[in-house]
Amino acid sequence: MIETLERNTGRAADDLSASSLLASIRSARNEENQAAARQLDLAARWADLHPPESIHSAATFTTPGCEHEEPIAGQGAPLVAEFCIAELGGVLGMSSTSAKKLIGQALELRHRLPRLWAQVHAGVVPAWKARTVAETTIHTVPALTVEAAGFVDAQVAAVAGRIGPAQLDRLVADTIKRYVLAVADPASDPEDGYLAVDPRHATLRDEDVHFAGTMRFEAELDIADALDLNHAVARDAETQKSLGSTESLDVRRSKALGNLARTQTALDLTTDAAPQIGGRAAGEDPQGGRVAGEERAGVSRPDLTAARQVVIHAHFQATTNGVQTVFGPTGRIEEGQRLVLLGQVKAWCTGTHTKVTIKPVIDLNAELTAPGYEIPARIREQVALRDRTCVFPWCTRPARQADVDHIVEYDHQAEAEGRPQPGPTTSSNLACLCRFHHRLKTHSAWTYRMVAPGVVEWTSPHGHRYLRDRTGTSPINPDEPPDPPARP
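Residues numbered from 1 in each chain as written. Predicted model: local features only at pLDDT ≥ 70, side-chain atom pairs only at ≥ 80, totals over all residues. Heavy atoms only, no water.

Enquirer: Looking at this structure, I do not really get helix H12 (residues 342-349). What am I missing?
Expert: One turn of the α-helix equals 3.6 residues, which is why residues spaced by three or four share an orientation. Of the positions making up H12, those classed as buried are Leu342, Val345 and Trp348. Around the axis of H12, the buried residues are gathered within 120 degrees of arc, so they sit on the same side. (Buried < 20%, exposed > 50% of the residue type's maximum accessible area, 1.4 Å probe, protein only. Helix = DSSP H or I, 4+ residues; strand = E, 2+ residues; numbered from the N terminus. Arc of directions from axis to C-beta.)

Enquirer: Is there a simple way to explain the sheet that holds strand E15 (residues 455-459) in this structure?
Expert: Backbone hydrogen bonds hold the strands of a sheet together, and the pairing may be parallel or antiparallel. Read across the open sheet, the four strands follow the order E14-E15-E16-E17; overall the sheet is antiparallel. The open sheet has two edge strands with one neighbour each: strand E14 (447-452) and strand E17 (472-475). On average, each strand axis in the sheet is inclined to that of its neighbour by 25 degrees, with strand direction left out of account. Taken together, the four bridges between strand E16 (residues 465-469) and E17 define a ladder with antiparallel strand orientation. Bridging across to E17, Asp469 finds its partner in Gly472. (Pairing = 2+ DSSP bridges. Axes fitted to C-alpha atoms, helices over the stretch in contact; angles between N-to-C directions.)

Enquirer: Sorry, what's going on with helix H4 (residues 96-112) here?
Expert: The end-to-end C-alpha separation of H4 is 23 Å, in line with the 24 Å expected for 17 residues at 1.5 Å each. Burial within H4 is extensive, with twelve of its 17 residues counted as buried. Where H4 is concerned, the buried positions are Ser96, Ala99, Lys100, Leu102, Ile103, Gly104, Gln105, Ala106, Leu107, Glu108, Leu109 and Arg112. (Expected span 1.5 Å × (residues − 1).)

Enquirer: Where do I start with the environment of Val340 in this structure?
Expert: The residue Val340 is located in strand E9 (residues 338-341) in this model. Spatially, the C-alpha atoms of Val340 and Thr214 are 9.5 Å apart, while their sequence positions differ by 126 residues.

Enquirer: Is there a simple way to explain the packing of aromatic side chains in this structure?
Expert: Tallied over the entire structure, the rule returns nine aromatic pairs. Centre to centre, the rings of Phe83 and Phe436 are 6.1 Å apart; their planes meet at 55 degrees, and the pair counts as tilted. Separated by 353 residues along the polypeptide, Phe83 in the loop between strand E2 (69-71) and helix H3 (84-92) and Phe436 in helix H14 (residues 435-443) bring together distant segments of the chain. Its relative accessible area of 21% is what places Phe83 among the partly exposed residues. On the basis of relative accessibility, which here comes to 15%, the residue Phe436 falls in the buried class. With a centroid separation of 4.9 Å and 70 degrees between ring planes, the pair formed by Phe392 and Trp458 is classed as edge-to-face. Placement of Phe392 in the loop between helix H13 (377-387) and strand E11 (403-406) and of Trp458 in strand E15 is noted, with a sequence separation of 66 residues between them. Among the residues examined, Phe392 registers a relative accessible area of 2% and is labelled buried. Chaining the aromatic ring pairs together yields one cluster made of Phe392, Trp394, Trp446, Tyr448, Trp458 and Tyr466. (Phe/Tyr/Trp six-rings, centres within 6.5 Å; stacked < 30°, edge-to-face > 60°.)

Okay, here's the thing in structure tokens:
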């Protein structure tokens, strides 16, 4: 093996001995851990330089499944001005959300988990391990008090460097439960401590779309609800099999959940096999007539609206042979920004009572213009198709969920004062920005301009420049000193 490596790399034998190679790997890992620890420290110091002017301008996270926002670190950690996050994310080549997590975890460790913070900087615990603990203590529901976080810190810091990630996750979860039980009312049932956190949820994991066109849906249900749902799914899966389905049980159960969401589709499954009740078809009286007010399950009703409404935005390469258009087998779906199979799209759009509407093709390079400030639907559609996501550096939020921004601000007084409009409603002056980055552009010193259709150049308050196009984001002259910071 060593001889093969020598032949492939051309290096000397002493450079590739087993012991020296292992030593080099260990040294590289130590350097990586030291750099990560320093990055955490610098992120916390960046936050120190940017306290918010008020609680309303502090950085927060939107909590999934809740109707409120929470600080980026727990109780006792300092607040941070929300707009400083983007500058740090830019120089690190990460999204504003990722930069927000980095700063929040650094503050959580420094202020609420000081033992673990010290272990990171002593090289005992890798920064990534400490960050997973901080992520848990930040987002625990209900929120951990300073005392609770200190309890977790005391229990975890001593062993975090000696156990694996799965064991560390279990230790943190068990420690939080033990603290909840320890502070519970002694007169109450000890099990009540576990009820302080309601684990029920139903969450669509739309951040990870499989190439086959599937998403993961997770749920934590009440026991009775879970048993009822399982019964309904099992019955539907068995019905599919009796109707001739040769798909696996897992696939049929998955489809059953979709059928539950589309009641009419579920009824259509049994068009030729009405369920039997007491030896007769449902909706039929013992003498063979119809029961008043009932319809037999599965009877096709052409007057019913479509059972499934599929709204997708898929892009496929297409060629024409003069007779018909031929689409490639794979394409890209905007929802989730993932690969999608042509066969999967066909399957989505076929089925009982499905109505398919195909929108006309829009030329993404055409310059569309509208009078006034309001953006017509056709221009909005063109801009969303062109940009695909928010155009801020490294942001991946879908364009269709974003605002359409006038890059050069529209002057509402220009026409009345007889001046030319500096910010017209045209394709070249419009871009998609998610709500956070729209506010950032409006209320901070970040600026951007469009240099080509769908290609924008950003300049940060500290003079760093970035080019964003359909392929992603790249720094402009990152090795050169940035321009002087913009004045407030």
